[in-house]
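# Residue-level structure breakdown
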2 protein chains.
Amino acid sequence: MTRTDQATEDRAVTLVDDRAHAWRPEAARLRFREGLSGPTAGVAAGHTQANLISVPADWAYEMLLFCTRNPRACPVLDVTDAGAWTTPLADGADLRTDLPRYRVWRHGELVAEPTDTRAYWRDDLVSFLIGCSFTFEWALSAAGVPIRHVEQGRNVPMYVTSRQCRPAGRLHGPMVVSMRQVPPRHLSAAIRETSLLPAVHGGPVHCGVPSALGITDLARPDFGDAVEPEPDDIPVFWACGVTAQAAVVASRPPFALTHAPGRMFLTDARDEQYRVV
Amino acid sequence: MTRTDQATEDRAVTLVDDRAHAWRPEAARLRFREGLSGPTAGVAAGHTQANLISVPADWAYEMLLFCTRNPRACPVLDVTDAGAWTTPLADGADLRTDLPRYRVWRHGELVAEPTDTRAYWRDDLVSFLIGCSFTFEWALSAAGVPIRHVEQGRNVPMYVTSRQCRPAGRLHGPMVVSMRQVPPRHLSAAIRETSLLPAVHGGPVHCGVPSALGITDLARPDFGDAVEPEPDDIPVFWACGVTAQAAVVASRPPFALTHAPGRMFLTDARDEQYRVV
């Protein structure tokens with residue numbers, strides 16, 4: 001898939017149906033189960049979104065430890081028992097089919113991007129649902145902070161940084177961040193509102209200087225779409241759950257399933273449940 | 001040890017040396033290494049305290065999953081590699097010797113309460129450091145909230161509740177809570193200040209009615225000391241890291257080491273590091 005195709009496809013949800021913000025989570029999951037494959041930014045207002053990573057059981061302890069040791073990037077919302085595709089976070093959901101698009105990894109290589117993983121499923125898979133920054137965008141909007149990538153109908157831009165995560169056994173890799181351009185007058189609110197939601201990455205890891213994270217060109221994200229800033233906007237970076245995928249690439253477990261970046265799992269949980277005050 | 005002996009010994013730190021609040025964490029650890037065995041409430045102002053639980057490696061995944069599934073009771077601050085007794089949270093510390101008192105468990109039975117665990121140590125032990133509510137007492141004090149058990153020179157009272165934790169494999173058990181009597185005019189500050197510290201249990205799980213948690217008599221705590229309320233005080237309950245010990249009792253792993261209730265591990269971390277805003 002070329003970069004242009006990807007970008008066009010990335011906009012599917014917001015361009016095809018601008019009522020997606022009003023969908024109930026179960027309705028969103030059903031549409032994705034039926035094949036809708038676009039990104040989930042702006043879908044099902046106020047409901048918690050999650051990254052998915054499924055690894056064989058003999059890698060589960062190291063994955064859980066990796067998440068525990070890197071809680072800003074990988075805050076764990078739920079862990080399934082081996083082989084299970086259900087979660088208490090979403091009634092009736094099937095983790096094998098209900099995300100818009102998946103990635104299948106063998107020895108750290110991306111081998112497929114299906115919209116349904118039943119042909120790849122294994123009975124020894126332990127699935128991790130990890131908090132996603134799309135969750136806090138509703139809090140940002142409510143506080144008056146503009147969300148440029150939603151305004152522009154794009155997926156959020158994500159970047160692999162030069163910061164290494166704290167390793168856990170065989171698992172290691174760089175931190176991935178998402179970036180939002182924030183007008184200076186909204187910076188305080190953006191930091192405060194996201195800090196109150198530590199289960200979905202919490203406050204920013206950096207504001208202002210992309211090179212401090214080893215990012216050389218904001219116009220060329222590693223995942224998602226480039227976003228146009230307004231004059232005076234400050235780039236603000238939050239740790240991103242795609243960090244777990246970067247650990248798969250770096251650490252090469254024999255098998256892993258993940259969501260495709262920006263195509264998250266919609267839970268029934270309300271964002272308020274994760275707000276500390 | 002009788003209840004009276006225990007209570008007398010519990011007061012060791014605060015009665016023997018009321019300058020303990022000013023100790024540096026490394027100085028506190030050295031005193032405990034040398035045999036001081038009292039509780040750590042009020043010791044080393046502003047520094048993060050932690051529960052310790054060490055289990056054999058073949059129980060480590062379930063313990064980490066139990067903590068992940070019960071984050072209010074068991075927020076994980078660090079997990080060691082198997083056999084290691086050091087932690088990045090405390091420079092030069094030895095987890096085998098630097099706590100005031102330990103508990104040794106075999107098949108869920110308490111078999112010893114030593115002040116040094118080197119004779120019990122095993123190369124396959126994975127140690128979990130879990131956030132402790134003593135940490136947030138400095139924030140409470142700074143906000144003007146009186147801490148009755150510190151005023152009264154006692155250990156905090158802890159109670160086994162009727163709420164069951166979410167199990168993880170072989171591990172299950174009830175939630176344990178700590179209780180502080182809070183004057184009504186300070187209740188809002190107590191909730192706000194602790195909610196901003198989710199890594200050390202966060203906000204209360206209940207305020208006001210002990211029976212709502214299955215607690216029948218506040219004067220008879222399951223761990224620690226009874227505390228005298230002032231008129232109008234409201235009992236406020238926070239999830240407690242001793243929950244992990246209750247899981248050991250209920251689930252009977254062949255071996256476990258823990259801290260003794262109220263005798264925590266003093267880290268070098270500052271409480272502010274865990275505050276979300």
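Computed from a predicted model, the values in this text were never measured in an experiment.

A separate point is the domain arrangement of chain A. Residue and element names in this part refer to chain A. When the domains of chain A are assigned, the result is domain 1 (3–132 + 249–272) and domain 2 (135–239). Here domain 1 and domain 2 have C-alpha centroids that lie 19 Å from each other. Contacts between the two partners involve 38 residues from domain 1 and, on the opposite side, 33 residues from domain 2. When the two sides are added together, the surface that domain 1 and domain 2 hide from each other amounts to roughly 2900 Å², 55% of it contributed by carbon and sulfur.

All names here are of chain A. Taken in spatial order, the four strands make up an open sheet running β6-β7-β9-β8, and their pairing is antiparallel. Looking along the sheet, the strands with just one partner apiece sit at the ends: β6 (158–164) and β8 (206–207). Taken together, the two bridges between β8 and strand β9 (residues 234–239) define a ladder with antiparallel strand orientation. For cysteine 207, the partnering residue across the bridge sits in β9 and is valine 236. Lying over the sheet, helix α7 (residues 187–195) contacts β7 (174–182), β8 and β9, oriented at roughly 5 degrees with respect to β9.

Right, let's talk about the pattern of salt bridges for a bit. For the structure shown, the criterion picks out 35 salt bridges over all chains. Among the ionic pairs, B:Asp81 bridges to A:Arg69, the shortest N-O distance being 3.3 Å. On the criterion of chain membership, the pair formed by B:Asp81 in the loop between β2 (76–79) and β3 (102–106) and A:Arg69 in helix α4 (residues 60–69) is interchain, its members lying in two chains. Judged by its relative accessible area of 13%, A:Arg69 is buried. Of the charged contacts in the structure, one is a salt bridge between B:Glu151 and B:Arg148, with a shortest N-O distance of 3.3 Å. Separated by three residues within a single helix, B:Glu151 and B:Arg148 lie in helix α6 (residues 148–151), roughly one turn from each other. One network of salt bridges, with partners in common, ties together A:Arg148, A:Glu151 and A:Asp233.

To continue, consider the interface of chain A and chain B. Tallying the contact residues gives 20 residues for chain A and 20 residues for chain B. In total, chain A and chain B occlude about 1500 Å² of area from one another, counting both sides; carbon and sulfur atoms represent 62% of this. The interface formed by chain A and chain B holds four salt bridges in total. Residue assignment for the side of chain A that touches chain B shows that the elements contributing at least two residues are α4, β2 (76–79) and α7 of chain A.

On to the environment of A:Ala256. Residues and elements named next belong to chain A. Within the secondary structure, alanine 256 sits in strand β10 (residues 256–259). Judged by relative accessible area, which is 0%, alanine 256 ranks as buried. Alanine 256 sits 149 residues away from histidine 107 along the chain, and the two C-alpha atoms are 8.4 Å apart. Ignoring any residue separated from it by four or fewer positions in sequence, one finds alanine 256 in contact with Ser54, Val55, Arg103, Val104, Trp105 and Val248.

Here the focus is the packing of α4(A) against helix α4 (residues 60–69) of chain B. Relative to each other, α4(A) and α4(B) sit at 40 degrees, their axes nearing to 10 Å. Taken as axis vectors, α4(A) and α4(B) run oblique relative to one another. The handedness of the crossing between α4(A) and α4(B) is left-handed. Of the residues in α4(B), those in contact with A:Ala60, A:Tyr61, A:Leu64, A:Leu65 and A:Thr68 of α4(A) are B:Ala60, B:Tyr61, B:Leu64, B:Leu65 and B:Thr68. Residue composition of the contact of α4(A) with α4(B), by class: eight nonpolar, two polar and no charged.

With that settled, the discussion passes to the sheet that holds strand β6 (residues 158–164) of chain B. Residues and elements named next belong to chain B. Within the open sheet, the four strands sit side by side as β6-β7-β9-β8. Their pairing is antiparallel. In the strand order of this sheet, the two ends are held by β6 and β8 (206–207), each with one partner. Here β6 runs beside strand β7 (residues 174–182); their pairing, made up of four bridges, is antiparallel. Within β7, the position partnered with tyrosine 159 by the bridge is valine 177. The strands that helix α7 (residues 187–195) touches are β7, β8 and β9 (234–239); relative to β9, the one it contacts most, it runs at about 5 degrees.

Time to look at unusual backbone geometry. Most peptide bonds are trans, and most residues other than glycine sit at a negative phi. One non-glycine residue, A:His201, adopts positive backbone phi at about 90 degrees. Here A:His201 lies in the loop between α7 and β8. The backbone of B:Ala44 shows a phi angle near 55 degrees, a positive value even though the residue is not glycine.

What follows deals with the relation of the copies chain A and chain B. For the pair chain A and chain B, the superposition axis carries a translation of 0.0 Å, the fit reaches an RMSD of 0.0 Å, and the rotation angle comes to 180 degrees. In short, the pair behaves as if placed about a two-fold rotation axis. Closest approach to the rotation axis among the C-alpha atoms of chain A is made by A:Tyr61, whose C-alpha sits 2.6 Å away. Mapped onto chain B, 100% of the interface residues of chain A are again interface residues, and the two copies thus contact each other with one and the same surface.

Reading the values: the criteria
- Every chain is numbered on its own, with residues counted from 1 as its sequence reads.
- Here chains are named by letter from A upward and ligands by number from 1 upward, in the order in which they appear as written.
- Thresholds applied to this predicted model are a pLDDT of at least 70 for local features of residues and 80 or more for the giving and counting of side-chain atom pairs; totals over whole chains, interfaces and linings are not thresholded and use all residues.
- Excluded from the side-chain calculations are hydrogens and water; all other atoms, namely the structure's heavy atoms, are used.
- Domain segmentation is taken from an automatic or database assignment of domains.
- Whether two residues are in contact is decided by their heavy atoms, any of which lying within 4.5 Å being enough.
- A simple way to read buried area is as the amount of 1.4 Å-probe accessible surface that goes missing from two parts once joined, with both sides added.
- Here the rule is simple: two strands pair whenever DSSP picks up at least two bridges between them.
- Secondary structure elements are taken from DSSP: a helix is a run of H or I of four residues or more, a strand is a run of E of two residues or more, and numbering for both begins at the N terminus.
- Interaxial angle, 0 to 180 degrees, is taken between N-to-C directions of lines fitted to C-alpha atoms, where a helix line uses only the stretch in contact.
- A pair is scored as a salt bridge if a Lys or Arg side-chain nitrogen falls within 4 Å of a carboxyl oxygen belonging to Asp or Glu.
- Each residue's exposure class comes from its accessible area (1.4 Å probe, protein chains only) as a fraction of the maximum for that residue type: buried when under 20%, exposed when over 50%, partly exposed otherwise.
- What sets the label is the angle itself: under 35 degrees gives roughly parallel, over 145 gives roughly antiparallel, 65 to 115 gives roughly perpendicular, and the rest give oblique.
- Crossing handedness follows the turn of the near helix against the far one: under a right angle anticlockwise gives a left-handed crossing, and clockwise gives a right-handed one.
- Each residue is assigned to one of three groups, with Ala, Val, Leu, Ile, Met, Phe, Trp, Tyr, Cys and Pro labelled nonpolar, Asp, Glu, Lys and Arg labelled charged, and all others, Gly among them, labelled polar.
- When the copies are superposed, the least-squares fit draws on C-alpha atoms of residues that have pLDDT of at least 70 in both.

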